[in-house]
Amino acid sequence: GIAEYAECVPIGAMEFDKLVAFAKENEIDLTVIGMDDPLVGGVVDEFEKAGLRVFGPRKNAAILEGSKAFSKDFMKRHNIPTAAYANVDNYEDAIKELENFNYPVVVKADGLAAGKGVVICETKDEAVKTLKEFLVDGALSGAGKTVVLEEFLTGFECSLLCFTDSETI
């Protein structure tokens, strides 16, 4: 859809060297990164190393989006309210950990999974099946090597995008 307003170029989102070169060659004043994969991969860091102006989180901050396990541990460490959870990286431990949750239970792949990494499991059988798909079968191309088992909460969910200068939001 962006082709209506911009010239599209054949450079992949993860081709950082080519993106940096394009921005330099075309004297791009500011690049705004929106996709999760390049942000988590460190594209902002590469643009900054090249002396280019770029908007988006650096790799060390993008991990909050890229790793649900990291995010949950971060929230716990900083006393940010969150649903009860457990991070597990093997099938046997995950099955045992299910005993500590009521149903429905949420199973989340740790990494980026293109919107396919969160399953609300109504029953233990469904949770076991999902854990097998993620941890044993590798259904998410590596995103499910670690999973987060999470308490299911009801209510409204809100995601916020905030701009900050480190003092003001």
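Anything mentioned here points back to the structure above.
Rules and cut-offs
- Residues numbered from 1 in each chain as written.
- Predicted model: local features only at pLDDT ≥ 70, side-chain atom pairs only at ≥ 80, totals over all residues.
- Heavy atoms only, no water.
- Helix = DSSP H or I, 4+ residues; strand = E, 2+ residues; numbered from the N terminus.
- Buried < 20%, exposed > 50% of the residue type's maximum accessible area, 1.4 Å probe, protein only.
- Pairing = 2+ DSSP bridges.
- Axes fitted to C-alpha atoms, helices over the stretch in contact; angles between N-to-C directions.
- Contact = heavy atoms within 4.5 Å.

1. Here we look at unusual backbone geometry
- Looking along the chain, the bond that leaves tyrosine 103 and enters proline 104 is cis, with omega of 5 degrees.
- Examined against the element boundaries, proline 104 turns out to sit in the loop between helix H6 (91-97) and strand E4 (105-109).
- Even without a glycine there, the phi angle at asparagine 79 is positive, about 55 degrees.
- Note that asparagine 79 resides in the loop between helix H5 (68-77) and strand E3 (85-88).
- The residue serine 166 is not glycine, and still its phi comes out positive at about 85 degrees.
- When you line up the elements, serine 166 lands in the segment after strand E6 (147-151).
- For serine 166, a relative accessible area of 72% corresponds to the exposed category.

2. Observations regarding the environment of alanine 62
- Within the fold, alanine 62 resides in helix H4 (residues 59-66).
- We classify alanine 62 as buried; its relative accessible area is 5%.
- In this structure the C-alpha to C-alpha distance between alanine 62 and glycine 41, which are 21 residues apart in sequence, comes to 8.5 Å.

3. Notes on the sheet that holds E4
- Ordered by their spatial adjacency, four strands build an open sheet running E3-E6-E4-E5, and the pairing between neighbours is antiparallel. Pairing within the sheet leaves two strands with one partner each, and these edge strands are E3 and strand E5 (118-121). On average, adjacent strands in this sheet sit at an angle of 20 degrees to one another, irrespective of strand direction.
- Where E4 and E5 come together, four bridges link them in antiparallel fashion. Within the sheet, the bridge partner assigned to lysine 108 lies in E5 and is valine 118.
- Its contacts with the sheet place H5 against E3, E4, E5 and E6, and it is angled at close to 135 degrees to E3.

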